[in-house]
Every structure is written in C-alpha cells, then in structure tokens.
Amino acid sequence: MRVYVPLTLSGLAAAHRAGEIGPGPLTAYAVTPALREWYVSDDIEELEYAALNRAAAASLRLIAGDPGAVRRRAVVAVDVPDGQAVADPDHNLDPSSLGEVRIASAVALAKAAAVHVDADDAEKDVAAAASVLGAADLGDDDAQFVVDGAEDHELLWFGVQEIPNLIG
C-alpha cells in the first residue's frame, strides 16, 4: 500500500540521518474506503493524488506548529505492507481525517518511492498560510483564501536519492 507521510524539511533531514521515518506511531494518508467514497473516483492515480494533497495539508499544519521550520511542505511516499497502515473507523465521518491512516512503527526510508516538496517560490504563500491556519480553522474566509493560495502550489516530485540536495 502506498502511503504519504507528511513532514517538514527538518523532519525529512532527521529521517535521512536516521534512515527511517519515525518513531511510530506515524500519521500518514492513503487511499482508504472513506477517501474513495468522498472523492467518487475509481481512477487510482486521482485517488493517490487526493491522498498526497491530504498529506500536504498535514505538512502545512506541522509547519504552522514549528516557527523555525522552513516554509516548504514535504511529503514522503512510502510503500508499506497492506496491514501495516490502518484507518481509524471512528474518524471516517470526520472530513478533516479523510484518508488518514496510522502506522504503528517507524518506516525505513529505503521503502520510500519518492519525496514531494514545494518549490522555492511557494515559501511566501506557505508562510502566509501557516500564519493564518488557526483563523481558517475557525471559519475566517479571508484566512481560508490564504491557505487555499498555498494549496494551489503543486508539490514537486523528487527521487529518494535527491534528499541530500533538498535538505542541503
């Protein structure tokens, strides 16, 4: 099963040094039955893109909670055995947790298929979104507009071997 683990660039650097993403439990995003139902598509590529976007939103939350984090979202795509990623059935009705899965233990970075990171030009919009995320959560339409502006940036695809260049 392909899962998308949200990180910050400093989290990616720590994973690179340790050789694993962890410690567990990890929150990740995947194509779950609830995500399939919400997205209403049978196209696996579209569904995986939706899961990636859910992880990118979670990465923004990590950035908002860490004032020292570089303002670029990071998501690692990892392949794990099917039973290792478990969706919480109690969260199925919560729209904010669509596609969310838990992985009990750390995951070897060698299992990563790719890394997705914002381009440098997204930093300004991601910084602005991180600063107003709380207001957006409380229903502020102007703040939500700013958050949507960050989400308009597509994450770039990188091979795992490119991580050293990303974390510089």
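Above this note sits the structure.
Chemist: Please provide a residue-by-residue account of the environment of L156, values included.
Modeler: Mapped onto the elements, L156 comes out in strand β9 (residues 156–158). Along the primary structure L156 and A74 are separated by 82 residues, whereas in three dimensions their C-alpha atoms are 9.4 Å apart. Contact partners of L156, with chain neighbours within four places excluded, come to V115, H116, V117 and A119.

Chemist: Give a detailed account of the nonpolar core, specifying residues and quantitative values.
Modeler: V3, L12, I21, V76, V78, I103 and V115 are the most contacted members of the largest nonpolar core, which has 25 residues in total. Counting residues per element, the ones that place at least two in this core are β1 (2–7), α1 (9–18), β3 (26–29), β4 (74–79), β6 (100–103), β8 (112–117) and α6 (163–167). Ignoring any residue separated from it by four or fewer positions in sequence, one finds V3 in contact with A28, Y29, A30, V76, A77, V78, V80, A85, V101 and I103. Listed in part, the 14 residues of the second largest apolar core include Y29, A50, V75 and A77.

About the criteria used
Residues numbered from 1 in each chain as written. Predicted model: local features only at pLDDT ≥ 70, side-chain atom pairs only at ≥ 80, totals over all residues. Heavy atoms only, no water. Helix = DSSP H or I, 4+ residues; strand = E, 2+ residues; numbered from the N terminus. Contact = heavy atoms within 4.5 Å. Core = buried A, V, L, I, M, F, W, Y, C linked by side-chain atoms within 4.5 Å. Buried < 20%, exposed > 50% of the residue type's maximum accessible area, 1.4 Å probe, protein only.

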